[in-house]
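Coordinate analysis (summary)
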Amino acid sequence: MSIQAGLVGLPNVGKSTLFNALTKSSVPAENYPFCTIDPHLAITEVPDPRLENMAKLYGSKKTIPATVQFVDIAGLVKGAASGQGLGNQFLGHIRDVHLILHVLRCFEDPDIIKAEGTVDPIADYEVIVSELMLKDLESVDKRLQRMDKLIKGAASKPAEKKELEAELSLLNQIYKALNAGDNNAVRSMVQQSTVQTVPLLSTKNFMIIANLAEHEFEDDAYKNNPHYQALVNRFGREMVIPVCAKVEYELSQLSSEDAQEMMGMIGLKERSLDTIIRESYRHLGLITFFTLGPQEAHAWPIKKGITIRQAAGEIHSDLERGFICAEIFNYKDLAEFKQEAKLKEAGRMRTEGQDYLVQDGDIVHIKFNV
């Protein structure tokens, strides 16, 4: 699946360091702006203890976890929408991602250059969103210039003309809100409207990653960091993930045993990376279904709300093309009964047709004929 989360931020906020930790890759992370010029893409495994548990029950020889794609996008500066810095590339790469992860610096360090001078994560966020809105203003303006011609061309098609007139009304409202710099209004209009129009960068789904200092994770001291508190007050605690990118990168280079020891030394209770991956997966609208057997236990990522026939196509196109039915049960029931025979006795295993909507944790066996 080509569903991606993009790490976005001003230069030198810790994006590439965090990306390296997420992917254990070797993207340069030097102390100067625009080190990351091209968007670096990597695929990261989604932590899911259910997979290991099922592999043990089935004696599977190997496990294949679900994955999520992360993109490290070049650092942005004020004026990107008009081509400053690497603005055009940055904005183009953002258009391709489905979730924006705003990496915001919340620590003081005189040895690390700060593009905007002072540490102010709210201001950094607003710089980025302002640039996205300026680019959206350009896109909306171009669409508005075409609307009169499109509406006249649809004069003999009442349904099409009505849709275009509704879009014109929405575009005029969006244009006004963009001009006023009101991102909340723009986001609300797009989310509530059933009218289709040009895709907007400033309304993409997003999360906040607060990059903090190492010492602030002992006894959750980061909760008293004024920059972190400002982000929580602005976006809500559930939208802000605290992380120390430097520590996460160092942990990613260690064995599991050494990483656990280091976490204990600095008072880190859980890897922030696991939280980022899981929350990115959730915000991307993804769920997981499983196929199990003695050879492999396989976790499959799919968009929430798709049918079992469509999900079968993620395994192999022949399964979707020749789909007959599927035997389905859920991990929660397997964890309780341990064996398929007992699941059947309890009536927890069922046969579903092609229109069944797959649920997170479903274990499936597809019957097909090609």
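Look above for the structure.
Our subject in this report is the structure included herewith. Because the structure is predicted, anything quoted here is derived from the model rather than measured. Every chain begins its residue count from 1, and numbering advances along the sequence as written. Local features are withheld for residues below a pLDDT of 70 in this predicted model, meaning they are given only at 70 or higher, and side-chain atom pairs are given and counted only at 80 or more; totals for whole chains, interfaces and linings count all residues. Hydrogens and water are ignored here; the side-chain numbers use all heavy atoms of the structure.

So, the packing of helix α4 (residues 121-153) against helix α5 (residues 158-179)
Think of two packed helices as two axes; the pair is described by the angle between the axes and how far apart they sit. This is how it is decided: Note on geometry: axes are C-alpha line fits, over the in-contact stretch for helices, and angles between N-to-C directions span 0 to 180 degrees. Secondary structure elements are taken from DSSP: a helix is a run of H or I of four residues or more, a strand is a run of E of two residues or more, and numbering for both begins at the N terminus. Here is the rule for angles: anything less than 35 degrees is roughly parallel, anything more than 145 is roughly antiparallel, 65 through 115 is roughly perpendicular, and the remaining ranges are oblique. A clockwise turn of the near helix away from the far one marks a right-handed crossing, whereas an anticlockwise turn of less than a right angle marks a left-handed crossing. Contacts between residues were defined by any pair of non-hydrogen atoms, one from each residue, lying within 4.5 Å. In this classification, the charged set is Asp, Glu, Lys and Arg, the nonpolar set is Ala, Val, Leu, Ile, Met, Phe, Trp, Tyr, Cys and Pro, and all remaining amino acids, among them Gly, are polar.
Where α4 meets α5, the closest approach of the two axes is 9 Å, and the angle between their N-to-C directions is 150°. In terms of their interaxial angle, α4 and α5 are classed as roughly antiparallel. Note that α4 runs across α5; the crossing there is left-handed. Contact residues: M133, D136, L137, V140, D141, R143, L144, M147, L150 and I151 in α4; K161, L164, E165, E167, L168, L171, N172, I174, Y175, A177, L178 and N179 in α5. Class assignment for the residues of the contact of α4 with α5 results in 14 nonpolar, 2 polar and 6 charged.

Some thoughts on the environment of L284
Residue placement: L284 occurs in the loop between α10 (272-283) and β8 (286-292). In this structure, the C-alpha to C-alpha distance between L284 and N205, residues 79 residues apart in sequence, is 8.0 Å. Excluding residues that lie within four positions of it along the chain, L284 makes contacts with I3, Q4, A5, V68, H98, L99 and K303.

Side note on the pairing of strand β6 (residues 205-211)
Keep this limit in mind: Classification of residues uses two cut-offs on accessible area relative to the type maximum, computed with a 1.4 Å probe and protein chains only: under 20% is buried, over 50% is exposed, and between them is partly exposed. Any two strands with at least two DSSP bridges between them are considered paired. When the strands point away from the viewer, a crossover counts as right-handed if the path from the first strand over the helix to the second runs clockwise.
With respect to burial, β6 is a largely interior element, 6 of its 7 residues being buried. Taken together, the 7 bridges between strand β5 (residues 99-105) and β6 define a ladder with parallel strand orientation. Across the sheet, the residue bridging to L99 is N205, located in β6. Strand direction decides the pairing type here: β6 and strand β7 (residues 240-243), joined by 4 bridges, are parallel. Paired with I208 across the bridge in β7 is V240. Of the crossover connections in this fold, the one passing from β6 over helix α7 (residues 226-235) to the parallel β7 is right-handed.

Quick look at the nonpolar core
Put simply, the rule is: Joining through side-chain atoms within 4.5 Å is the link that ties buried Ala, Val, Leu, Ile, Met, Phe, Trp, Tyr and Cys residues into a set, and such a set is a nonpolar core.
Ranked by internal contacts, the top residues of the largest apolar core, which has 93 residues, are L18, F70, L101, L231, F235 and I276. No other element matches the 12 residues that α4 contributes to this core.

Quick notes on the sheet that holds strand β4 (residues 67-72)
Read across the open sheet, the 6 strands follow the order β2-β4-β1-β5-β6-β7; overall the sheet is mixed. Lying at the two open borders of the sheet, with one neighbouring strand each, are β2 (40-45) and β7. Averaged over all neighbouring strand pairs, the angle between strand axes comes to 25°, with direction disregarded. As paired elements, strand β1 (residues 4-8) and β5 share 4 bridges and run parallel to each other. Residue pairing for β5: A5 is matched across the bridge by L99.

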